[in-house]
Amino acid sequence: MLRSVKGLKDILPHQSSQWQHIETVARTLATQFGFSEIRIPIFEFTELYARSIGGTTDIVEKEMYTFPDRDGSSLTLRPEGTAGVVRAVLEHSLLDSPTSRKLFYFGPMFRHERPQAGRYRQFHQFGVEALGTDHPLIDVEVIALLWQFFSLLGLKDLTLHINSIGTLDDRGDYIQRLKKFLTPLLPDLCGNCQRRYSTNPLRILDCKVPICQETTKEAPVLIDDLSEDSRIHFTDVLDGLTALEIPYSINHRLVRGLDYYSRTTFEITSPHLGAQSTIGAGGRYDGLFQALQGPPTPAIGFAVGLERVILLLTEHHSINPVPLFFIAGFGAVGKSRAFKLLHELRQSGIRADTDHKANTLKALLRSADKLGAEYSIILGDDEANSETVLLRNMQTKVQEIVTLKEITQKILANL
RNA sequence: GUGGGUGUAGCUCAGUUGGUUAGAGCGCCGGAUUGUGGUUCCGGAGGUCGCGGGUUCGAAACCCGUCACUCACCCCA
């Protein structure tokens, strides 16, 4: 049997209402916060991701779905959304349009990782990007949006971790200090961290290996090396969160994995998932526009892993508010008259269905029951001859005679 | 890329120290006389026991290989 590709998941009919619910909440909320939706391609030139995410990150090094186009240019299925949004913003000069500086998006992302609970090779994100300002209150807005999104979905026991990793300059100084501190301790670190020492020393702070956590306990804290501007920015963000009564936990070891982050970084975790406990994360990326040859443009955004959110949803949102009318047509004349009625009801905007295989009233009602119909409309030869139908309430079993002429109006009047 | 766990019906799972035609529940299809569903009763369909090899008189079970799924590491949302 043909199976789906490893790490890819079908969203089956019984799950799609949950997805629709999440998307509706996200769209409504983002719009309330002044964001507009942008829809960008699912693949881009490989160079875009290589330049924005960072050449030494795992994503670029080994997780991208990259393939040659027919003309030989290298294309890549998008591993995240921010790079594509920034590219689109530059390409269409959206920064010049005041209504296009706060954007949100939905869609599938692709990373070639080993699948695991809450991690797939094709996964879906909801993300927002606020462009063009580094005012600390925009950071607060973005985080507040993320926090309110999860709260509207009823997610419990979440923790907001927040940190500032400073500007590129701040970090330059800090990394020197950090390396100086680590140099004599190198032999104690895990193999991975020994490699990180030269590639991405910041990540060593984030290492989960106990030995590394222990040896870096006394490591210099990045906050201490922040410039005055960065430090004030960070405290302003924290004060803003406090003012909005959003609880946070400062985590000096929170280092985002993508190179383009700067200053504010944050993530929200849940204790009810497996190892992949981050359901939403983001940060400021003031240098990304320039890295993509755009004008200096501060920006901040987040991305939510929707599969992980689905895993946390307890309520099953069976949005099925529109009553279903089942057309039970049988007999030589009744069957064909019923099919015409079915079409008439649908043209009038009524939710209606039938079962072509069922030919006896018993079989038809059984189908009506299985489809969960609120009403059945019984139309046999007797009814067809008298130009009527029987409108049966499936729950109360009450039936009434209605003329074919009036049935549509009657249903519409009672909906 | 590395390690652990698991593969029996559409789904969830039984299956004795290796022993005849491999089972249950749910689901699906049908029947219980006339044009009335759900409950009940009865019947039916559906399985190369993941795949390939080996041991054996005999393998769903034991051994080897392989694939898939899954959890974890790495990393990330």
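Anyway, here's the lowdown on the structure attached to this text.

### Observations concerning the protein's contact with RNA strand B
The full set close to RNA strand B counts 46 residues, and Arg111, Arg119, Arg196, Asp382 and Lys397 are the nearest of them. Each atom of RNA strand B within 4 Å of the protein belongs either to a base or to sugar and phosphate, the latter forming 47%. Measuring from a base oxygen of RNA strand B, one finds a side-chain N or O atom of Arg392 at 2.7 Å. Met394 is positioned such that a nitrogen or oxygen atom in its backbone is 2.3 Å from a base nitrogen of RNA strand B. Secondary structure elements with two or more residues in the surface near RNA strand B: α3 (58–63), β6 (122–131), α7 (191–199), β10 (278–284), β11 (299–305), α13 (361–371), α14 (381–386) and β15 (388–393). Ranked by residue count, the leading element in the surface near RNA strand B is α13, at six residues. Grouping the amino acids of the surface near RNA strand B by side-chain chemistry returns 14 nonpolar, eleven polar and 21 charged.

### Regarding α7
Count 3.6 residues to each turn of an α-helix, and residues three or four apart come out pointing the same way. Turning to α7, its buried residues are Cys193, Arg196 and Tyr197. Along the axis of α7, the buried positions cluster into a sector of 115°, meaning they face one direction only. Facing away from the buried side of α7 by over 90 degrees, the exposed positions are Gly191 and Ser198.

### Topic: the packing of aromatic side chains
Per the counting criterion, the structure on display carries ten aromatic pairs. Ring centres of Phe126 and Phe302 lie 5.9 Å apart, and the angle between their planes is 75°; on these two criteria the pair is classed as edge-to-face. Placement of Phe126 in strand β6 and of Phe302 in strand β11 is noted, with a sequence separation of 176 residues between them. By the burial criterion, Phe126 is buried, and Phe302 matches it. Arranged with centres 5.5 Å apart and planes meeting at 40°, the rings of Phe149 and Phe150 form a pair that is tilted. With a relative accessible area of 0%, Phe150 lands in the buried category. Among the aromatic residues, ring-to-ring pairing joins Phe104, Phe106, Phe126, Phe149, Phe150 and Phe302 into one connected group.

### What about the sheet that holds β11?
Spatially, the eight strands line up as an open sheet ordered β1-β5-β6-β11-β10-β9-β7-β8, and their pairing is mixed. Where the open sheet ends on each side, the last strands, each with one partner, are β1 (36–37) and β8 (249–250). Of the strands in this sheet, β5 (102–110), β6, β7 (159–164), β9 (262–269), β10 and β11 are in contact with helix α5 (residues 136–152), which crosses β11 at around 15°.

### So, the packing of α5 against helix α9 (residues 228–243)
Relative to each other, α5 and α9 sit at 45°, their axes nearing to 8 Å. Taken together, the axes of α5 and α9 lie oblique to each other. As for how α5 packs across α9, the hand of that crossing is right-handed. In this structure, α5 uses Pro136, Leu137, Asp139, Val140 and Ile143 to contact α9, whose residues at the interface are His233, Asp236, Val237, Gly240 and Leu241.

### Considerations on the pairing of β10
With six of its seven residues buried, β10 lies for the most part within the structure. Where β10 lies against β11, five bridges are found, and the strand directions are antiparallel. Bridge pairing links Gly280 to Val304 in β11.

### Some remarks on unusual backbone geometry
The backbone of Glu245 shows a phi angle near 60°, a positive value even though the residue is not glycine. Residue position: Glu245 is located in the loop between α9 and β8. Take Glu245: its relative accessible area is 71%, and that puts it in the exposed class.

### Overview of a nonpolar patch on the surface
Taken together, Ile42, Phe43 and Phe67 make up a surface patch of nonpolar side chains, about 240 Å² in accessible area. Of note, Phe67 is situated in strand β3 (residues 66–68). Judged by its relative accessible area of 30%, Phe67 falls in the partly exposed class.

### Concerning the packing of helix α1 (residues 13–32) against α5
At a minimum axis separation of 10 Å, α1 and α5 run at an interaxial angle of 145°. Crossing geometry of α1 relative to α5 is assigned as right-handed. On α5, the residues that touch Ile22, Val25, Ala26, Leu29 and Ala30 of α1 are Leu145, Gln148, Phe149 and Leu152.

### Some thoughts on the environment of Arg351
Position of Arg351 relative to the elements: it lies in the loop between α12 (332–347) and β13 (352–353). Linking Arg351 and Ala373, residues 22 residues apart in sequence, is a C-alpha distance of 9.7 Å. Looking at Arg351, its side chain comes within polar contact range of the main-chain oxygen of Val322, at 2.8 Å.

### Describing the side chain of Thr269
Inspection of the secondary structure puts Thr269 in strand β9. For Thr269, a relative accessible area of 13% puts it in the buried group. For Thr269, the side chain forms a polar contact with the side chain of His161, separated by 3.0 Å. The residues touching Thr269, leaving out its near neighbours within four places in the chain, are Asp157, Leu158, Thr159, His161, Ser277 and Thr278.

Definitions and cut-offs
- Residues numbered from 1 in each chain as written.
- Chains lettered and ligands numbered in written order.
- Predicted model: local features only at pLDDT ≥ 70, side-chain atom pairs only at ≥ 80, totals over all residues.
- Heavy atoms only, no water.
- Near = heavy atom within 4 Å.
- Polar contact = N/O pair within 3.5 Å; in protein donor to acceptor, adjacent residues only side chain to side chain.
- Helix = DSSP H or I, 4+ residues; strand = E, 2+ residues; numbered from the N terminus.
- Nonpolar A, V, L, I, M, F, W, Y, C, P; charged D, E, K, R; others polar.
- Buried < 20%, exposed > 50% of the residue type's maximum accessible area, 1.4 Å probe, protein only.
- Arc of directions from axis to C-beta.
- Phe/Tyr/Trp six-rings, centres within 6.5 Å; stacked < 30°, edge-to-face > 60°.
- Pairing = 2+ DSSP bridges.
- Contact = heavy atoms within 4.5 Å.
- Axes fitted to C-alpha atoms, helices over the stretch in contact; angles between N-to-C directions.
- Parallel < 35°, antiparallel > 145°, perpendicular 65-115°, else oblique.
- Left-handed = near helix turned anticlockwise from the far one by under 90°.
- Patch = residues over 30% accessible without salt bridge, like charges linked within 9 Å, V, L, I, M, F, W, Y side chains within 5 Å.
- Areas by Shrake-Rupley, 256 points an atom, 1.4 Å probe, with all protein chains shown as cover.
- Salt bridge = Lys/Arg side-chain N within 4 Å of Asp/Glu carboxyl O.

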